[in-house]
Amino acid sequence: MKPQRCNDYSKRVKYNNTLYDKTIIIDPGHGGKDPGALAKIGGQDEKVLVLDIAKRLRTKLKEKGARVIMSRNSDRFVKLDDRARLADRYNADLLVSIHIDSHKNPQVKGATCYIARKSLRKSREVAESIDCCLNSNLINCKGVRRADFRVLIGHSKPAVLVECGYITNIVDDMNLNNSTYRDKIAESIATAIAKSL
Ligand SMILES: [Zn+2]
């Protein structure tokens, strides 16, 4: 086979966003006795919303061929260290943790991607890709920030934590309580992972 055809093939694989050889840990934040950010009037707590986004993300990543492990599938409490440990135990290519923010200032809004201060290059590439895909799907993402959250540093694998918006902002909260919007978040994250992993 001519090299040119090999190149074409690799482009096609890239285009199809295949994740057939990848293992991804999805970590929906909080759960059980830990509700995370508390719901505003009429809405759902963080732990409920992030589990829903995580399940949608699992479906989409599996459709792209990835092997997916969830740190929790239901409303139960899991210790941070146990969540982080999954990345090494399953020799994961990526751990992606899903959260929703809160802030004392109700004007603060938008999604944010976090990576560890001394992150692997792959973590940064995936985080930048998620930021880009969210914004191109008209979900406001404020870029990539660095913070040493336990799920980002408690293992040796690439890891990203996505704060999907602010429960304390009226527009973000309304959007996050809409299943179509949550599906768009999951779709953006899945596309971004397939492009960058
Ligand atoms: Zn959280």
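Sequence order as written defines the numbering, with residues in each chain counted from 1. Where totals are concerned, whole chains, interfaces and linings use all residues; where local detail is concerned, this predicted model gives features only for residues with pLDDT of at least 70, and gives and counts side-chain atom pairs only at 80 or more. Heavy atoms from the whole structure form the basis of all side-chain values; hydrogens and water molecules are not counted.

Chemist: Would you mind going over the packing of helix 2 (residues 46–63) against helix 7 (residues 179–196) with me for this structure?
Modeler: How two helices pack is summed up by the angle between their axes together with the distance between the axes. Here the axes come from fitting lines to C-alpha atoms, over the contacting stretch only for helices, and the angles between their N-to-C directions go from 0 to 180 degrees. Put simply, DSSP H or I for four residues or longer makes a helix, DSSP E for two residues or longer makes a strand, and each gets a number counted from the N terminus. Two numbers describe how helix 2 lies on helix 7: the axes approach to 8 Å, and their chain directions differ by 45°. Considering their axes alone, helix 2 and helix 7 lie oblique with respect to each other. Both helix 2 and helix 7 take part in a crossing whose hand is right-handed. Each of Leu-49, Asp-52, Ile-53, Arg-56, Leu-57, Lys-60 and Leu-61 in helix 2 lies in contact with helix 7, whose residues at this interface are Ser-179, Arg-182, Asp-183, Ile-185, Ala-186, Glu-187, Ile-189, Ala-190 and Ile-193. Residue composition of the contact of helix 2 with helix 7, grouped by class: 9 nonpolar, 1 polar and 6 charged. Every angle not falling under 35 degrees, over 145, or within 65 to 115 is termed oblique; those three ranges are roughly parallel, roughly antiparallel and roughly perpendicular. Crossings are assigned a handedness: left-handed for a near helix turned anticlockwise from the far helix by less than a right angle, right-handed for a clockwise turn. Any pair of residues with heavy atoms lying within 4.5 Å of one another is described as a contacting pair. Note on residue categories: nonpolar means Ala, Val, Leu, Ile, Met, Phe, Trp, Tyr, Cys or Pro, charged means Asp, Glu, Lys or Arg, and polar means any other residue, Gly included.

Chemist: What's the story with the coordination of the zinc ion in this structure? I'm lost.
Modeler: Ideal values differ by geometry: the angle at a metal is 109.5 degrees with four tetrahedral donors, but 90 or 180 degrees with six octahedral donors. Each metal's donors are the N, O and S atoms within 2.8 Å of it, or within 3.2 Å when it is Na, K or Ca, and because water is not part of the set, sites may look incomplete. Distances from the zinc ion to its protein donors, His-30 (NE2), Glu-46 (OE) and His-99 (ND1), fall within 2.1 Å. Positions of the donor residues of the zinc ion along the chain correspond to the pattern H-x15-E-x52-H. Here His-30, found in the loop between strand 1 (23–28) and helix 2, pairs with His-99, found in strand 3 (residues 94–101); they are 69 residues apart in sequence, far enough to count as distant. Residue exposure (1.4 Å probe, protein chains only): buried if accessible area is under 20% of the type maximum, exposed if over 50%, otherwise partly exposed. On the basis of relative accessibility, which here comes to 12%, the residue His-99 falls in the buried class.

Chemist: Help me understand the environment of Thr-112 in this model?
Modeler: Mapped onto the elements of the fold, Thr-112 is located in strand 4 (residues 111–115). Considered as a pair, Thr-112 and Glu-163 are 51 residues apart in the sequence and their alpha carbons are 5.2 Å apart. Look past the residues within four positions of Thr-112 in its chain and what remains in contact with it is Asp-101, Cys-141, Lys-142, Gly-143, Arg-145, Leu-161, Val-162 and Glu-163.

Chemist: Where do I start with helix 2 in this structure?
Modeler: Helical geometry: 3.6 residues make up each α-helical turn, so side chains three or four residues apart lie on a common side. Helix span, expected: 1.5 Å multiplied by one less than the number of residues in the helix. The first and last C-alpha atoms of helix 2 sit 26 Å apart over 18 residues, in line with the 26 Å expected at 1.5 Å per residue. Within helix 2, burial applies to Glu-46, Lys-47, Leu-49, Val-50, Leu-51, Ile-53, Ala-54, Leu-57, Lys-60 and Leu-61. Backbone geometry just downstream of helix 2 places Gly-65 in the positive-phi region, at approximately 100°.

Chemist: Can you walk me through the confidence of the model for the chain in this structure?
Modeler: Any segment with low pLDDT has predicted coordinates that should not be analysed in fine detail. Per-residue pLDDT for the chain averages 92, and the proportion of residues at 70 or more is 91%. Across residues 1–13 the pLDDT falls below 50, and counting only partners more than four positions away or on other chains, this stretch makes 2 contacts in the model. Per-residue confidence from the predictor is reported as pLDDT, which spans 0 to 100.

Chemist: Please clarify how the environment of His-103 should be interpreted in this entry.
Modeler: In this structure, His-103 sits in the loop between strand 3 and strand 4. Residue classification places His-103 among the partly exposed positions, given a relative accessible area of 33%. Separated by 31 residues in the primary sequence, His-103 and Arg-72 place their C-alpha atoms 26 Å from one another. Here a polar contact is taken to be a pair of N or O atoms separated by no more than 3.5 Å, where protein atoms must pair a possible hydrogen donor with a possible acceptor and residues adjacent in sequence count only if both atoms sit in side chains. Side-chain polar atoms of His-103 contact the backbone nitrogen of Asn-105, separated by 2.9 Å.

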